[in-house]
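Residues per chain, in single letters:
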Amino acid sequence: MQHGSTDRPWWERGVIYQIYPRSFQDSDGDGIGDLAGIEARLDHVATLGVDAIWLSPVFPSPMADFGYDVADYCGIDPMFGDLAAFDRLLAAVHARGLKLLLDFVPNHSSDRHPWFQQSRSSRDDPRRDWYIWRDPAPGGGPPNNWISDFGGPAWEHDAATGQYFLHTFLKEQPDLNWRDPDLRAAMMAAMRFWFDRGVDGFRIDVLWHIVKARGLPDNPVNPDWHPGLNARDQVIQTFSTDQPEAHAIAADMRALADSFGDRALVGEIFLPNDRHARWFGKPDRPEVHLPFNFQLIENAWDAAVLARVIGDYDASIPAHGWPNWVFGSHDAPRIAARIGEAQARLAAVLLLTLRGTPTLFQGDEIGIGEVAIPPDRVRDPQEIRQPGIGLGRDRSRTPMPWDASAHAGFSSAEPWLPLNADWSTRNVTAQEADAGSMLHLYRSLLALRRANATLSIGDFALVEADTGVLAYERRSGAERLLVALNLGGEPRPLRLPAGAVVAETLASTLPLRTIDGMLAPDEGLILRLTEAD
Ligand code: GLC
Ligand code: MG
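Everything numeric in this text was worked out from a predicted model, so none of it was measured.

Undergrad: Would you mind going over the overall build of the chain in detail, with residue names and values included?
TA: The helix and strand inventory of the chain stands at 16 helices and 20 strands. Counting only C-alpha atoms and orienting by the principal axes, one finds that the chain spans roughly 80 × 50 × 50 Å. Counting over 533 residues, the chain shows a buried share of 59%. Excluding contacts between residues fewer than 6 apart, the proportion of contacts in the chain whose partners are at least 24 apart in sequence is 69%. With the model as given, the accessible surface of the chain reaches about 19,700 Å², and the carbon-plus-sulfur share is 52%.

Right, here's the structure in full:
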């Protein structure tokens, strides 16, 4: 393989930026973001220096799960705009040389989707089998022991026909039956609809969930579960996830994407490395381009833990696969809330210098931290169903603060969720004016990555480092870059690989200084190395 070459597909070289449409920019004064708002703020995305936008769902939806309950796979919710507004946004994105990924939600629809309305109407309806219906268990009650990811049984009894339907998430999100060929064709047609319109790909929601084991056997009980943990984890999802038939569907989706040319599929998949890597598919029957890798979110911010996790993940990627990294999303706690702002600057360096495609979540580029959501403003159904155990997702979904004007320039009305408490100083405009801000750090890292292909596609190797320091080299040809991150609060020696000296400091999380053989607390460096004479 030719390293250092920039002749790689955009989804390998590039950086993805996630926009949560409800919270990016409101254009019509309803306190909720929309497509015209996103279009008006595209300069921010372009000047940041990312390559692609992934838009969380904008399809017609009753919003029981804020768009992840789709009532029409081929439309736009009036709250966000209409198809014409979408086409304008897509053209504006492309005009800036950016790509646009939509969010495809194949595991479930909304219960208001006409398909489900028909399916539930009678046992003989032609669409009955588009969803997963079962008789009650022999003694009554749900057909098996499966638990909803949002807590409670994954089954809802429907009096009209006396059967239960399966819902992996809310009862307003009935699971689709991908074993039914007509449903499958209808969903593939929906994907094709957006490809035909010109979208560059999809992020695919809970892809590893979409097919369930035949016979729907009980899931094994998890002996380690106890109250206070997510109710979802009472059982291990052996029979409700990661079935071979789901891989076959992913391969079909890939074939469809490939038939349109330079498109990309990103799959939301939570699994251990060996099973996770299978979602790349086989070389002659590929599946998703990027199975989302959430290990930076799931593991402790600790140099030794991260070195192990990064090394194991990198080693698990097959020759025909390509790694990727995520630090934040609309589902996960914000990185600056988890580790503090000073360390979040190191997280920015890490995300943008590991081998693999990074996904950056809106708002992390200005370091939004914890946002306390007052009880009367909680909107997230996951938090409402299992309150007080830390599952709330509203705190990561708060509106983008753009400036110090009313409602932070996000809307002319009170936003649907509160702003970050420090919005009057932590906003895009304020950080523009501050050369030391998180925003400028992200911009300079993204510019460096763009200018230097070694950072995106060069080889990767961990380097031995002191306690609390995470260090690795990126190489291509004669170029050697060292990334050294001091995750601790103590100064630590900066160890250089034997025979190497520092030629140039390319980036730092602290003001640039002469390198003196030490890493200051919270210091992260990107150094160009050269051979000692
Ligand atoms: C995914 C989404 C999450 C949603 C769930 C159900 O995990 O990221 O926001 O609630 O799927 O669609
Ligand atoms: Mg609006």
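Here the narrative resumes, following the displayed structure.
Undergrad: Talk me through the packing of aromatic side chains; I want residue IDs and the actual numbers.
TA: Under the counting rule described, the total for this entry stands at 25 aromatic pairs. Note on F116 and Y131: the rings are 4.9 Å apart at their centroids and 75° apart in plane angle, and the pair reads as edge-to-face. One end of the pair, F116, is in helix α5 (residues 114-121); the other, Y131, is in the loop between α5 and β4 (133-134), and 15 residues separate them in sequence. With respect to burial, F116 and Y131 carry one shared label: buried. For the pair F460 and Y472, a centre-to-centre distance of 5.3 Å together with 40° between the ring planes defines the contact as tilted. A residue pair is termed long-range when its members are at least 10 positions apart, and F460 in strand β14 (residues 459-462) and Y472 in strand β15 (residues 469-476) qualify at 12 residues. Here F460 falls in the buried class, since its relative accessible area comes to 15%. Judged by its relative accessible area of 0%, Y472 falls in the buried class. Taken together, Y73, F104, W115, W130, F195, F202 and F260 form an aromatic cluster joined through their ring pairs. Looking at R22, its charged tip hangs above the ring of W416, at a distance of 4.1 Å from the centre.

Undergrad: If you had to explain the site of ligand 1 to someone new, which residues and values would you point to?
TA: Around ligand 1 there are 13 residues in total, and D65, H108, D205, H330 and D331 lie nearest to it. For ligand 1, an oxygen atom lies 2.9 Å from a polar atom in the side chain of R203. One of the side-chain N or O atoms of R393 is found 2.9 Å from an oxygen atom in ligand 1. Taken together, the residues of the shell around ligand 1 sort by class into 4 nonpolar, 2 polar and 7 charged.

Undergrad: Just give me the short version of the domain arrangement of the chain, but keep the residues and values in it.
TA: Often the size quoted for an interface is simply the accessible area lost on bringing the parts together. When cut into domains, the chain gives domain 1 (10-109 + 181-446), domain 2 (114-166) and domain 3 (459-531). Placing a centre on the C-alpha atoms of domain 2 and another on those of domain 3 gives a separation of 56 Å.

Undergrad: Talk me through the sheet that holds strand β20 (residues 524-531); I want residue IDs and the actual numbers.
TA: Read across the sheet, 5 strands follow the order β14-β15-β16-β20-β18 without closing on themselves; strand pairing throughout is antiparallel. The open sheet has two edge strands with one neighbour each: β14 and β18 (500-508). Each strand of the sheet is rotated relative to its neighbour by a mean of 25°, with strand direction disregarded. Relative to β15, β14 is paired through 4 bridges, and the arrangement is antiparallel.

Undergrad: An account of the side chain of R345 is requested, with residue identities and associated values reported.
TA: Locating R345 in the fold gives a position in helix α12 (residues 341-353). Buried within the structure, R345 lacks any salt-bridge partner; E341 is the closest side chain of opposite charge, at an N-O distance of 5.3 Å. If sequence neighbours within four positions are ignored, R345 has contacts with G436, S437, M438, L441 and T509.

Undergrad: Pulling in residues and values, what's your account of the coordination of the magnesium ion (ligand 2)?
TA: Protein ligation of the magnesium ion (ligand 2) involves D26 (OD), D28 (OD), D30 (OD), I32 (O) and D34 (OD), the donor distances falling in the range 2.2 to 2.3 Å. For the magnesium ion (ligand 2), the single-chain donor residues occur in sequence as D-x1-D-x1-D-x1-I-x1-D. No difference in accessibility class separates D26 from D34, as the two residues are buried.

Undergrad: I'd like a description of the packing of helix α6 (residues 181-197) against helix α7 (residues 244-259), backed by residues and values.
TA: Viewed as axis vectors pointing N to C, α6 and α7 meet at an angle of 30°, and their least axial separation amounts to 11 Å. Of the possible angle classes, the one that applies to α6 and α7 is roughly parallel. The crossing of α6 and α7 is right-handed. Side by side, α6 and α7 meet where R184, M188, M191, R192 and F195 of the first sit next to I249, D252, M253, L256 and A257 of the second.

Undergrad: An account of helix α15 (residues 438-451) is requested, with residue identities and associated values reported.
TA: With 14 residues, α15 should cover 20 Å at 1.5 Å per step; its first-to-last C-alpha distance of 20 Å lies within 8% of that length. Listing the buried residues of α15 in full gives M438, L439, L441, Y442, R443, L445, L446, L448 and R449.

Undergrad: Residues and numbers for the pattern of salt bridges, please.
TA: According to the stated counting rule, one finds 35 salt bridges in the structure shown. When the shortest N-O distance is used, the salt bridge between D516 and R513 registers 3.2 Å. A relative accessible area of 53% places D516 in the exposed class. What makes R513 partly exposed here is its relative accessible area of 30%. A single salt-bridge network, built from bridges that share partners, covers D65, D331, D380, R393 and R397.

Undergrad: Break down unusual backbone geometry for me, with residues and values.
TA: One non-glycine residue, L216, lies in the positive phi region at around 45°. Considering the arrangement of structural elements, one finds L216 in the loop between β7 (201-204) and α7. A positive phi angle is found at H407, which is not glycine, with a value near 55°. With respect to the helices, strands and loops of the structure, H407 is situated in the loop between α13 (381-385) and α14 (428-432).

Undergrad: Before we move on, can you summarise the pairing of strand β2 (residues 52-55) with the specific residues and values?
TA: Here β2 shows two buried faces, one formed by A52 and W54 and the other by I53 and L55. Pairing analysis gives 4 bridges linking strand β1 (residues 16-19) to β2, with the strands arranged parallel. Within β2, the position partnered with Q18 by the bridge is W54. Sheet analysis places β2 next to strand β3 (residues 99-104), joined by 3 bridges and oriented parallel. The residue of β3 that forms the bridge with A52 is K99. Taking the sense of rotation as the criterion, the β-α-β connection linking β2, helix α4 (residues 83-95) and β3 turns out right-handed.

Procedures and definitions
Residues numbered from 1 in each chain as written. Chains lettered and ligands numbered in written order. Predicted model: local features only at pLDDT ≥ 70, side-chain atom pairs only at ≥ 80, totals over all residues. Heavy atoms only, no water. Helix = DSSP H or I, 4+ residues; strand = E, 2+ residues; numbered from the N terminus. Buried < 20%, exposed > 50% of the residue type's maximum accessible area, 1.4 Å probe, protein only. Contact = heavy atoms within 4.5 Å. Areas by Shrake-Rupley, 256 points an atom, 1.4 Å probe, with all protein chains shown as cover. Phe/Tyr/Trp six-rings, centres within 6.5 Å; stacked < 30°, edge-to-face > 60°. Lys NZ or Arg CZ within 6 Å of the ring centre and 35° of its normal. Near = heavy atom within 4 Å. Polar contact = N/O pair within 3.5 Å; in protein donor to acceptor, adjacent residues only side chain to side chain. Nonpolar A, V, L, I, M, F, W, Y, C, P; charged D, E, K, R; others polar. Domains from an automatic or database assignment. Pairing = 2+ DSSP bridges. Axes fitted to C-alpha atoms, helices over the stretch in contact; angles between N-to-C directions. Lys, Arg positive; Asp, Glu negative; His and termini not counted. Salt bridge = Lys/Arg side-chain N within 4 Å of Asp/Glu carboxyl O. Donors = N, O, S within 2.8 Å, 3.2 Å for Na, K, Ca; no water. Parallel < 35°, antiparallel > 145°, perpendicular 65-115°, else oblique. Left-handed = near helix turned anticlockwise from the far one by under 90°. Expected span 1.5 Å × (residues − 1). Right-handed = clockwise from strand over helix to strand, strands pointing away.

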